[in-house]
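# Observations on the three-dimensional arrangement
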Amino acid sequence: QVQLVESGGGLVQAGGSLRLSCAASGNIRSINDMGWYRQSPGKQRELVAAIRSDGSTDFAESVKGRFTISRENAKNGVALQMNSLKPGDTAVYYCNALVVVWGRVQSTPYWGQGTQVTVSS
């Protein structure tokens, strides 16, 4: 079994910054892609940023130039640095990881429980 635990959400004023962290633990052989998604009320969950095992990254157009994503290999984790936050960034943010567990060759997606980010105007 694999667990993803997020931290770092909270309330911040527009223009401020927050850093989200996610650590994976459990029966982990390797981790391929990791990423952050977000979901606000009435909307579908959307990709915010992703980082592959080779270090390449993808970002939603709405966050390019403001957010960065990085791997934290020591704790099988991923971080999302969010700068110049806007009220439109308000959502529950979820960590996602494609994990290969011991005894298997294919990766399986796992999700964290989500952390609330609220940006006030």
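Our subject is the structure that appears above.
Computed from a predicted structure; not experimentally measured. (Residues numbered from 1 in each chain as written. Predicted model: local features only at pLDDT ≥ 70, side-chain atom pairs only at ≥ 80, totals over all residues. Heavy atoms only, no water.)

### Details of the environment of Gly 112
What counts is decided by this rule: Helix and strand labels come from DSSP, where a helix needs a run of H or I of at least four residues and a strand needs a run of E of at least two; each type is numbered from the N terminus. Contacts are assigned to residue pairs that have any heavy atoms within 4.5 Å of one another.
Among the secondary structure elements, Gly 112 is positioned in the loop between strand 10 (108-111) and strand 11 (115-120). With near-sequence residues (within four places) excluded, Gly 112 lies in contact with Leu 4, Glu 6, Tyr 94 and Cys 95.

### Quick look at unusual backbone geometry
Of note in the backbone geometry, Asn 76 takes a positive phi value of approximately 50° without being a glycine. The residue Ser 84 is not glycine, and still its phi comes out positive at about 50°. Mapped onto the elements, Ser 84 comes out in the loop between strand 8 (77-82) and strand 9 (91-101).

### Section: the state of the cysteines
Linking two cysteines covalently via their sulfur atoms produces the bond known as a disulfide. Quick reminder of the rule: When two cysteine sulfur atoms are found within 2.5 Å, that pair is recorded as a disulfide. Here the term buried applies to any residue with accessible area under 20% of the maximum for its type, exposed to any over 50%, and partly exposed to those in between, with areas from a 1.4 Å probe on protein chains only.
Tallied over the full model, the rule gives one disulfide. With its sulfur 2.1 Å from that of its partner, Cys 22 forms a disulfide with Cys 95. Of note, the bridge from Cys 22 to Cys 95 carries an S-S torsion of about -80° and is left-handed in sense. Of this pair, Cys 22 sits in strand 3 (residues 18-26) while Cys 95 sits in strand 9, placing them 73 residues apart in sequence. For the residue pair Cys 22 and Cys 95, the accessibility class agrees, reading buried in each case.

### Some points on the sheet that holds strand 7 (residues 67-72)
Under the convention used in this document: Any two strands between which DSSP finds at least two bridges are classified as paired. Angles here are taken between N-to-C directions and fall from 0 to 180 degrees, while the axes themselves are lines fitted to C-alpha atoms, restricted in helices to the stretch in contact.
Taking strand neighbours across the sheet as the criterion, the four strands line up as 1-3-8-7 in an open arrangement whose pairing is antiparallel. Sheet topology places strand 1 (2-7) and strand 7 at the edges, where each strand pairs with a single neighbour. Put simply, the sheet's adjacent strands are angled 15° from each other on average, direction ignored. The pairing of strand 1 with strand 3 spans six bridges and is antiparallel. Residue pairing for strand 3: Val 2 is matched across the bridge by Gly 26.

### Section: the side chain of Ser 21
Mapped onto the elements, Ser 21 comes out in strand 3. Residue class for Ser 21 comes out buried when judged on its relative accessible area of 13%. Beyond its immediate stretch of four places on either side in the chain, Ser 21 contacts Val 5, Glu 6, Ser 7, Trp 36, Glu 72, Lys 75, Val 78 and Ala 79.

### Focus on the nonpolar core
Just so we agree on the cut-off: Nonpolar core, defined: a set of buried Ala, Val, Leu, Ile, Met, Phe, Trp, Tyr and Cys residues in which side-chain atoms within 4.5 Å join the residues together.
Judged by nonpolar contacts, the single largest core of 31 residues is most densely connected at Trp 36, Leu 80, Met 82 and Tyr 93. Among the elements that make up this core, the one with the highest residue count is strand 9 (six residues). The residues contacting Met 82, other than those within four sequence positions of it, are Gly 16, Ser 17, Leu 18, Leu 20, Arg 66, Phe 67, Tyr 93 and Val 117.

### Focus on the pairing of strand 5 (residues 46-51)
Relative to strand 5, strand 4 (residues 28-39) runs antiparallel, the two being bridged by five bridges. By the bridge assignment, Gly 35 is partnered in strand 5 with Ala 50. Connecting the antiparallel pair strand 4 and strand 5 is a turn made up of six residues, with Gly 42 showing a positive phi of about 80°. Across three bridges, the pairing between strand 5 and strand 6 (residues 57-59) is antiparallel. By the bridge assignment, Ala 50 is partnered in strand 6 with Asp 58. Linkage of strand 5 to strand 6, two consecutive antiparallel strands, is achieved through a turn of five residues, within which Gly 55 is found at a positive phi near 90°.

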